[in-house]
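Results of the structural survey
What follows is each chain in one-letter form.
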Amino acid sequence: MSPSLQCGPQVGVEHIILLADEHYFAFPIHCLQGVFIPSEVTEVPCASDAILGVLGQRGHIITIIDMRSFLGLAPFTDSSAGVAVSFEHMGEFYGFRFDRVVEILHLTSGELAPALEFENQSWSKFVSRFYFLQERLIIALDPIRTLERMLHSVIAV
Amino acid sequence: MDDLLREFLTETFEAFEAIDLELVNLEKNPDNSDIVNTVFRLVHTIKGTCGFLGLPRLEKLTHANETLLGKFRDGMPVDAASTELVFNSIDRIKLLLNELEVNHVESEGSDEDLICKLNSVSGESEHASASVAKITAYPVDIFEKQIAIELFREEDTGEIRPEAEGTIEDARSHAGCDINHIKARYDIKAPPARLSEIGQKQERVPRIHSVRVNVEALEELMEMVSELVLTRNQLLEFLRFREDLTFSGPLHRLSNITAKLREGVMKARMQPIGNAWQKLPRIIRDLSRELGKKINLIMKGEETELDRQVLELIQDPLIHMIRNSADHGLETEEERIALGKPEIGQVILEAYHEGGYIIISVADDGRGLNTEKISQQALKLRLVTQSALDEMSENKIYKFIFSPGFSTADSISNVSGRGVGMDVVCENIESVGGSISLKSAPGLGTDFILKLPLTLTIIPALIIEVMGQRFAIPQLSVIELVRLKKGALDQIERVHDIFMLRVREKFLPVSFLGDFLETHSRKEVKKQKAPDCFLHPLNEDSGFVVIVQVGLHFFGLLVDSVFYTEEIVVKPLSSLFLDIQIFSGTTILGDGKVALILDPNGIAQSLGYVDDLKKGERGVHEAVVADAALEDKGVIPVLVFRVKASFKAIPLSLIMRLEKIDKREIEPLGAHHVFRYGGSFMPIIFIEGSVSPVSSRLQPVIVFRNEDHFMGLAVDQIMDIFEERFEIHTVVDRPGVLGLTVLGGRVTEIVDISYYLPSFSDVPVFSSSDSGLVYSSRILLVDDSVFFRDMFLFSLRSAGFVVTAVESAHKAIELRDEGEIFDVIISDLDMPVMSGFEFASTLRKEPAWMNIPMIALSSYSSPALIEKIQHAGFSDYVMKFDRERLVELLRQQQSQIVKVA
């Protein structure tokens with residue numbers, strides 16, 4: 001069973017904080033397969049805009065998703081840079097590309113805030129929680145719901 | 001499920017495959033005691049294990065079976081009835097095992113029917129099963145059971161399985177577990193005594209020591225190996241730029257080991273093809289009973305290995321083909337004797353390796369394919385026209401059996417003749433990148449030859465580059481590579497938005513691969529510029545055309561460069577790309593970068609090529625059209641002219657004259673243009689929709705006569721008249737174009753002039769009024785060729801007739817039955833399914849259209865033909881292309897009608 005199944009909001013768990021266009025995002029660390037700098041990405045023609053391409057790692061093919069594009073944020077100017085966090089879902093590997101890793105944090109319940117209403121409705125589909133920390137708003141993402149959203153948009157097209 | 005039970009099921013299923021095979025052998029050689037012993041041992045083991053596992057129903061049945069086999073071993077004669085009984089009971093056991101697998105418990109029910117029969121044949125009473133029953137009576141723990149099973153095996157075969165040795169050793173050291181005690185309890189005898197009982201002469205078959213490995217474990221190993229290969233490649237690359245030789249020795253050793261490892265893992269995935277054949281002897285045996293034929297199945301090359309994935313995929317097609325050979329291929333015993341052939345028919349199955357492929361041949365020594373029957377069926381299904389058929393070689397005709405719904409069996413039997421056969425087989429074989437061909441000789445037999453790749457996981461592929469990105473194309477679909485010479489771009493011609501490549505006087509459509517590849521950067525540019533700018537600039541100096549075959553279609557893909565052929569490890573695409581049909585997978589190249597694998601099938605689909613034989617209606621129609629153009633062996637003189645960059649042609653017979661007119665005198669009239677011509681106005685049609693920039697003042701115009709008025713077709717340049725035989729290819733699906741052909745070495749469009757008729761008739765008619773006709777004859781035109789239909793439609797409509805055109809005699813008869821009435825019927829003579837002659841004589845028999853005058857269209861003339869035409873009931877005939885004569889004839893008919901009125 002995929003470890004990312006228990007990737008809902010969890011307190012007292014280490015989270016990786018990632019930056020994308022001035023927004024902070026968090027994933028529980030134990031859900032991740034790895035963190036790496038995506039290089040040698042092969043573009044997949046005809047694929048959706050949010051898909052940066054594919055790359056090979058330890059015999060696996062990882063599909064890299066550009067989170068800026070997926071979340072509808074301003075495009076990343078330097079397409080070769082950034083950092084990706086990878087997940088396994090249904091036997092396939094995916095990497096979410098962010099601008100950079102900010103830090104690793106232990107999030108506690110005191111910092112939890114309920115999910116807000118989003119201007120962008122589609123966000124609420126995969127954002128699990130918010131945390132306020134050192135004057136920053138951190139958005140915790142559910143990787144599975146994010147992927148399902150991604151797959152859904154492919155099938156819908 | 002209990003581990004023991006699962007293992008038992010797996011083993012027993014395997015054992016049964018072997019039993020089937022052995023029993024068929026036994027039936028053939030009833031006196032062979034070796035076979036009896038083998039079968040006996042297999043059944044004995046199953047019975048014993050059933051007992052340990054507490055499966056009383058299975059145990060009882062296998063026991064009765066074993067008893068009968070025991071009698072055989074003791075010398076009771078083996079006859080057909082008793083082997084049939086053994087077969088039946090084994091089928092029942094299989095059924096019970098299947099149920100056991102699903103439900104995990106033995107299903108309720110009784111097998112007394114079979115057991116009684118078995119016992120009556122073996123002359124045994126109930127008491128025998130008692131010895132087994134005592135085994136299950138003991139409450140035993142699993143460990144003890146396992147040991148007992150192993151010991152039982154030891155008793156059976158005289159040896160302990162290597163993987164079981166540990167267990168038994170453990171048992172020996174296990175306190176409180178006494179092997180002798182177990183043996184005594186289960187009545188297990190010492191092996192040597194048992195062996196001597198069976199017989200000393202028996203040769204010991206060397207046992208293959210094997211370990212059952214989960215397929216997933218193998219796949220994982222394979223993945224790791226390919227990762228290792230990549231790492232090694234990177235190291236080698238790294239070393240190339242260094243002077244330092246310290247690492248070169250160990251690195252080369254690593255390289256060799258990696259290659260061997262890869263080979264080894266590949267081999268571990270391979271299985272002998274014999275595994276897929278085990279069911280076949282039983283199938284043939286049952287078939288031979290059912291069909292009442294004597295059939296001998298010969299299998300050669302069972303040890304030939306191929307990837308298990310391929311093996312699974314071809315299993316069903318093979319069974320189907322074997323059935324076909326036995327049912328269709330082989331004659332009955334009486335027929336064979338009458339023909340002087342040996343009464344037993346042979347079906348020969350053979351497998352061998354050849355150049356990276358595995359070749360499987362399924363041959364029979366039967367009657368061979370019946371060309372006549374196949375031709376008739378092909379005509380019936382409208383796969384081909386009679387005349388095209390006449391020119392086909394036998395081999396081409398045979399290929400029709402791979403068409404959907406094709407069956408030449410006179411009656412539908414259980415075995416075959418439902419017409420869901422060879423097309424599915426063909427599809428399955430092609431889906432794994434294989435191909436199928438056949439040879440046949442009347443009276444001697446038929447031989448189907450399958451060519452299959454050894455593996456699907458690692459395939460040879462051509463690595464190409466387009467727009468700076470590398471892609472892999474499976475080598476199997478690549479037919480040829482053409483290098484475009486520098487500055488010799490006349491190899492490629494442009495017909496509208498279609499590019500054509502000339503290869504050895506043939507031409508095929510070429511697409512720039514980049515046009516399919518919607519990358520981010522292209523999307524960006526596209527936003528800013530018109531979409532048209534993406535037509536590949538063909539003025540670049542060089543490039544390659546990869547000629548690809550998909551089904552019956554050949555097409556070229558223009559790429560920037562071609563690198564090399566490499567064995568690539570195929571990895572599936574992520575489900576995020578499910579909607580992209582042009583890729584079939586991904587692979588990791590030597591330098592670690594991922595390349596996408598192009599799917600020629602998907603590309604063909606997005607190009608709109610549909611397989612003629614597979615896609616029904618449309619495909620059939622196209623094939624018929626292409627054949628119709630071929631059919632006319634007469635030379636069709638055509639005028640070739642140029643409009644913008646494309647060359648076009650029109651049959652000369654339609655053209656009245658060529659003119660050059662002063663451009664300034666072409667006047668706009670609503671949406672049209674007209675020109676004052678011979679006292680009236682002539683509409684001028686611009687083919688490409690707009691006035692083309694001809695630099696000179698004079699505009700070349702092709703003038704068509706429309707009874708008393710004219711129509712002009714404005715062109716850029718009149719080129720030439722060609723009088724040669726040509727083929728029309730219907731690769732374009734564009735209104736106003738009938739098809740493409742090669743004339744004078746150039747790709748030329750044949751213009752469908754009837755397409756321009758509607759715009760013609762929009763223009764007010766400027767005719768002189770002397771014809772003064774008030775009545776227009778209603779004409780029915782029957783011709784299967786789109787080309788001629790359109791040509792006559794144009795001629796006749798423009799001559800003022802009301803024309804209905806249909807493509808077959810059957811369609812015409814439908815119109816009759818619907819109560820339609822015409823003044824004249826014009827019919828082609830040479831049509832598929834129902835010829836013009838048949839059509840005429842059919843009409844003459846029924847009152848409805850009995851008296852409508854009929855005119856035959858013929859492509860040649862001879863006294864015999866004229867007689868035949870008249871005999872069929874035609875009132876007259878006209879040579880095709882003799883438009884004037886036809887119009888004249890129709891006028892005569894019309895004036896008669898007017899007179900009568």
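Residues numbered from 1 in each chain as written. Chains lettered and ligands numbered in written order. Predicted model: local features only at pLDDT ≥ 70, side-chain atom pairs only at ≥ 80, totals over all residues. Heavy atoms only, no water.

**Looking at the overall build of chain B**
Scanning chain B for helices and strands turns up 29 helices and 34 strands. When the 901 residues of chain B are sorted by exposure, 50% land in the buried category. Element-wise, carbon and sulfur atoms account for 53% of the exposed surface of chain B, whose accessible area totals about 43,300 Å². (Helix = DSSP H or I, 4+ residues; strand = E, 2+ residues; numbered from the N terminus. Buried < 20%, exposed > 50% of the residue type's maximum accessible area, 1.4 Å probe, protein only. Areas by Shrake-Rupley, 256 points an atom, 1.4 Å probe, with all protein chains shown as cover.)

**Focus on the interface of chain B and chain A**
Reports often express the size of an interface as the amount of accessible area lost when the parts come together. Counting residues at the interface gives 25 residues for chain B, matched by 26 residues for chain A. Between chain B and chain A the total buried area reaches about 2,300 Å² when both faces are included, carbon and sulfur atoms providing 62% of it. Scanning the region where chain B abuts chain A turns up zero salt bridges. For the side of chain B that touches chain A, the secondary-structure elements that each account for two or more residues are α11 (215-240), β9 (469-474), α21 (520-528), β17 (583-588) and β18 (594-598) of chain B. With three residues, β17 of chain B is the largest single contributor of residues to the side of chain B that touches chain A. Taken together, the residues of the side of chain B that touches chain A break down into 12 nonpolar, six polar and seven charged. (Contact = heavy atoms within 4.5 Å. Buried area = accessible area lost by both parts, 1.4 Å probe. Salt bridge = Lys/Arg side-chain N within 4 Å of Asp/Glu carboxyl O. Nonpolar A, V, L, I, M, F, W, Y, C, P; charged D, E, K, R; others polar.)

**Quick word on the sheet that holds strand β3 (residues 34-36) of chain A**
Residue and element names in this part refer to chain A. Across the sheet, which stays open at both edges, the five strands sit in the order β3-β6-β7-β5-β4 with mixed pairing between neighbours. Pairing within the sheet leaves two strands with one partner each, and these edge strands are β3 and β4 (51-57). Taking the axes of each pair of neighbouring strands and ignoring which way they run, one obtains an average angle of 30 degrees across the sheet. One ladder, built from three bridges, connects β3 with strand β6 (residues 83-89); its direction is antiparallel. (Pairing = 2+ DSSP bridges. Axes fitted to C-alpha atoms, helices over the stretch in contact; angles between N-to-C directions.)

**Some points on the nonpolar core**
Formed by 73 residues in total, the largest nonpolar core has its most connected members in F27 and F98 of chain A together with I464, L501, L513 and F583 of chain B. No other element matches the six residues that strand β14 (residues 543-550) of chain B contributes to this core. Sequence-distant contacts of L513 of chain B, that is, excluding residues within four places in its chain, are made with I464, V466, L557, L558, V559, L598 and I603 of chain B. Counting residues in each nonpolar core, the second largest holds 49 residues, with A276, I284, L306 and F400 of chain B among its members. (Core = buried A, V, L, I, M, F, W, Y, C linked by side-chain atoms within 4.5 Å.)

**What about the sheet that holds strand β7 (residues 445-453) of chain B?**
Residues and elements named next belong to chain B. Read from one edge of the open sheet, five strands run β2-β4-β5-β7-β6, paired in mixed fashion. Here the strands that pair on one side only, and so sit at the sheet edges, are β2 (295-300) and β6 (435-441). If you compare each strand with its neighbour and ignore which way they point, the axes differ by 15 degrees on average. Where strand β4 (residues 345-354) and strand β5 (residues 357-364) come together, eight bridges link them in antiparallel fashion. Opposite E350, over in β5, you have S361 as the bridge partner. Strand contacts of helix α15 (residues 308-329): β2, β4, β5, β6 and β7, with the helix running at about 20 degrees to β5, the strand carrying the most contacts. The strands that helix α20 (residues 422-431) touches are β6 and β7; relative to β6, the one it contacts most, it runs at about 135 degrees.

**Observations regarding helix α3 (residues 56-73) of chain B**
Residue and element names in this part refer to chain B. For α3, built from 18 residues, the straight-helix expectation of 26 Å at 1.5 Å per residue is met to within 8% by its first-to-last C-alpha distance of 25 Å. For α3, the buried fraction is high: 14 of the 18 residues fall into the buried class. Trailing α3 by a residue or two, G75 shows a phi angle of about 115 degrees, which is positive. (Expected span 1.5 Å × (residues − 1).)

**Details of the packing of helix α14 (residues 280-291) of chain B against α15 of chain B**
All names here are of chain B. One way to put it is that α14 packs onto α15 with a least axis distance of 10 Å and a crossing angle of 30 degrees. When the interaxial angle is binned, α14 and α15 end up roughly parallel. Note on packing geometry: the crossing formed by α14 with α15 is right-handed. Packed against α14, whose contacting residues are L280, I283, I284, L287 and L291, the element α15 presents I319, I322, R323, A326 and D327 at the interface. Partitioned by chemical class, the residues of the contact of α14 with α15 number eight nonpolar, no polar and two charged. (Parallel < 35°, antiparallel > 145°, perpendicular 65-115°, else oblique. Left-handed = near helix turned anticlockwise from the far one by under 90°.)

**Describing the confidence of the model for chain B**
All names here are of chain B. For chain B, per-residue confidence averages 73 on the pLDDT scale, and 73% of positions sit at 70 or higher. Here helix α23 (residues 617-631) stands out as the element of chain B with the lowest mean pLDDT, 34, in contrast to β18, whose mean of 92 is the highest. Ignoring residues within four places in sequence, the model shows residues 411-420, a span with pLDDT below 50, making 22 contacts including any to other chains. Considering only residues more than four positions removed or in separate chains, one finds that residues 759-774, a stretch of pLDDT under 50, has 23 contacts. (pLDDT = per-residue confidence, 0-100.)

**Regarding helix α4 (residues 80-103) of chain B**
Working note: α-helix, 3.6 residues per turn, so residues spaced by three or four point in the same direction. Residues and elements named next belong to chain B. The first and last C-alpha atoms of α4 sit 35 Å apart over 24 residues, in line with the 34 Å expected at 1.5 Å per residue. Those residues of α4 not exposed but buried are S82, T83, L85, V86, F87, S89, I90, I93, L96, L97 and L100. Of the residues flanking the end of α4, it is H104, one or two places downstream, whose phi is positive at about 65 degrees.

**Some points on the packing of helix α27 (residues 836-845) of chain B against helix α28 (residues 863-872) of chain B**
All names here are of chain B. Axis separation between α27 and α28 bottoms out at 8 Å; the angle between their running directions is 30 degrees. Looking at the two axes, α27 sits roughly parallel to α28. Contact residues: α27 offers F837, A840, S841 and R844, while α28 offers L865, K868, I869 and A872. Along the lines of polarity and charge, the residues of the contact of α27 with α28 split into five nonpolar, one polar and two charged.

**Some thoughts on the packing of aromatic side chains**
In total, this model carries seven aromatic pairs over all chains according to the counting rule given. Taking the centre distance of 6.1 Å and the plane angle of 5 degrees together, the rings of F471 of chain B and F583 of chain B count as stacked. Residue F471 of chain B is found in strand β9, and its partner F583 of chain B is found in strand β17; the two are separated by 112 residues along the sequence. The structure contains a cluster of three or more aromatic residues connected by ring pairs, namely F25, F27, F87, F96 and F98 of chain A. (Phe/Tyr/Trp six-rings, centres within 6.5 Å; stacked < 30°, edge-to-face > 60°.)

**Side note on the pairing of β4 of chain B**
Successive side chains on a regular strand alternate, one facing one side of the sheet and the next facing the other. Relative to β4 of chain B, β2 of chain B runs parallel, the two being bridged by six bridges. Within β4 of chain B, the residue paired with K300 of chain B across the bridge is E350 of chain B.

**Here's the deal with the environment of D783 of chain B**
Residue and element names in this part refer to chain B. Tracing the backbone shows D783 in the loop between β30 (778-782) and α25 (786-798). A sequence separation of 26 residues divides D783 from A809, and the C-alpha atoms of the two residues are 8.2 Å apart. Once residues within four sequence positions are removed from consideration, D783 is found in contact with F788, R789, V806, E807, D828, M831, L857 and K880.

**Details of the pattern of salt bridges**
A complete count under the given rule lists 22 salt bridges over all chains for this structure. When the shortest N-O distance is used, the salt bridge between R145 of chain A and D142 of chain A registers 3.8 Å. For R145 of chain A, a relative accessible area of 34% gives the class partly exposed. The salt bridge involving D817 of chain B is made with R816 of chain B; its shortest N-O contact spans 3.2 Å. The class for D817 of chain B is exposed, based on a relative accessible area of 57%.

**Looking at the environment of S795 of chain B**
Residues and elements named next belong to chain B. Take S795: it is sitting in helix α25. When its relative accessible area of 1% is taken as the criterion, S795 is described as buried. Taking the C-alpha atoms as reference points, S795 and V887, 92 residues apart in sequence, are found 8.3 Å from one another. Aside from chain neighbours lying at most four places away, what touches S795 is L654 and R883.

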